[in-house]
Amino acid sequence: MGKARIRLGLVGVGKIARDQHIPAIGGNQRFDLVATASKHDGVDGLPHHPDLRSLLDAGHELDAIVLCTPPAVRSELAHQALDAGLHVFLEKPPAAALSQVERLRHEAARAGLSLFTSWHSRESLAVDAAKAWLAQRQIGAVRIAWRENVREWHPGQDWLLAAGGFGVFDPAINALSILTAIMPGVLALEAADLHVPANRAMPMRAAMTLSHDGAPIVHCDLDILHEGHQQWDIEVESVDGLLTLGAGGHVLTIAGDALPLAPNREYPRLYERFATLIDSGRSEVDARPLTLVADAMMLGTVHPIAPFEF
Ligand code: NAP
């Protein structure tokens, strides 16, 4: 007999839900997307509710909830889902604050439910291969350039520049999620500069220096006001040559040779893992990328810049 299907409710029917979650759920035999909750839009053919509370009260006999809302509301919604006895899949970043993740971890463990802090950028095959290659090597300088135009990729998303919206760290936390996955040693924040528009709460440009096993070798240039060539690249120097993870972690070049890789299955892999976690009664909670962002916010020097409008 096959494993039981997992009845899933999705909260936050926005860009990432439509682009990735709904197709990935549809392609996974273990999940049935039963209903949605979002402030405005739903999904054609599925029951829709204006918020998670009414979704939970509607008697859909759910097993799990996936939260695709902006991060500021994620922890509160995750508690509602856990209180209702449901497993929880969190989009990245898992919450707006580290202490919120810790509380969720504690609550899920107490209730015997699976909590999954997903980091989609880690799921590319290039990241797996980079991690394996770096595991045995002496590492030199590391450069991260994560530079994109917020008007192109997040048009009108005012939440991203409000408190709890992460600003430049909304995309750049993907780079930090890859970095924390591929580097064999311990990463720690050494210094940061944060450039915050006068009319917004979050930085839109940032520079960070991190140490790796105590050596301050990692330099990050992060920007969402960048109008030129859009760039999501990580370079790692080693005695055996330069490793480059390009295009957001999708393209891997080692010592000038591009490695052939099968097409990426980031979100299908995330749902396969969520099913495995539920089946085995485990959680996967990794807040390391969020820790580095929180440290940058604590230790960074804030520089005011011109007001920003979309
Ligand atoms: P988005 O397009 O603004 O979608 C967020 C959705 O959540 C909207 O439909 C919004 O409804 C809804 N929502 C907000 N508060 C809610 C609440 N309290 N209850 C129910 N629904 C609520 O944002 P997005 O780009 O999809 O990003 C969402 C998350 O996914 C972010 O954490 C982001 O970092 C992550 N992510 C995004 C991408 C990407 O390419 N965009 C890629 C990977 C991960 P209304 O719009 O009707 O207010």
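Please refer to the structure placed before this passage.
As the structure is a computational prediction, the values presented were derived from the model and not from experiment.

**Quick look at the overall build of the chain**
The helix and strand tally for the chain stands at 9 helices and 15 strands. Taking 310 residues into account, the globule formula puts the C-alpha radius of gyration at 19 Å, and the chain, at 20 Å, falls close to it. In terms of overall dimensions, the chain has a C-alpha envelope of 55 × 50 × 35 Å along the principal axes. Across the 310 residues in the chain, those meeting the buried criterion constitute 52%. Long-range pairs, those at least 24 residues apart, make up 71% of the contacts in the chain with a sequence separation of at least 6.

**Description of the layout of surface pockets**
One way to see where empty space is left: roll a probe the size of a water molecule over the atoms. Of the voids in this model, the largest pocket is the one considered here, and its volume is about 1,400 Å³. What lines the largest pocket is a set of 46 residues, among which Lys15, Ile16, His154, Gln157 and Trp159 lie closest to the centre. Every element with two or more residues in the lining of the largest pocket is listed here: helix 1 (15–26), helix 3 (74–83), helix 7 (169–182) and helix 8 (266–280). Examining the composition of the lining of the largest pocket, we find that 5 residues originate from one element, helix 1, more than from any other. Here the residues of the lining of the largest pocket sort into 21 nonpolar, 14 polar and 11 charged. There are two domains that each give the lining of the largest pocket at least three residues, and those are domain 1 (6–117) and domain 2 (124–262 + 293–305).

**Focus: helix 7**
Under the 1.5 Å per step criterion, the end-to-end length of helix 7 is 19 Å for 14 residues, consistent within 8% with the ideal 20 Å. Most of helix 7 is tucked away: 14 of the 14 residues are buried.

**Quick word on the nonpolar core**
Membership of the largest hydrophobic core comes to 75 residues, with the highest contact counts inside it found for Ile65, Phe169, Met208, Leu222 and Leu245. Looking at this core element by element, the count peaks at 9 residues for helix 7. Of the residues that make up this core, three or more belong to each of domain 1 (6–117) and domain 2 (124–262 + 293–305). Setting aside residues no more than four positions away along its own chain, Phe169 makes contact with Leu194, Pro203, Ala206, Met208, Leu222, Val293, Ala296 and Met297. Among the nonpolar cores identified, the runner-up in size contains 22 residues, and Leu8, Phe31, Val43 and Ile278 belong to it.

Each value, and the rule that gives it
Residues numbered from 1 in each chain as written. Predicted model: local features only at pLDDT ≥ 70, side-chain atom pairs only at ≥ 80, totals over all residues. Heavy atoms only, no water. Helix = DSSP H or I, 4+ residues; strand = E, 2+ residues; numbered from the N terminus. Rg over C-alpha atoms; globule rule 2.2 N^0.38 Å. Buried < 20%, exposed > 50% of the residue type's maximum accessible area, 1.4 Å probe, protein only. Contact = heavy atoms within 4.5 Å. 1 Å grid on protein atoms, 1.4 Å probe; cavity = no way out; pocket = protein on both sides within 12 Å on 5 of 7 lines; lining within 4 Å. Points joined across faces, edges and corners; volume = space filled by probe spheres on them. Nonpolar A, V, L, I, M, F, W, Y, C, P; charged D, E, K, R; others polar. Domains from an automatic or database assignment. Expected span 1.5 Å × (residues − 1). Core = buried A, V, L, I, M, F, W, Y, C linked by side-chain atoms within 4.5 Å.

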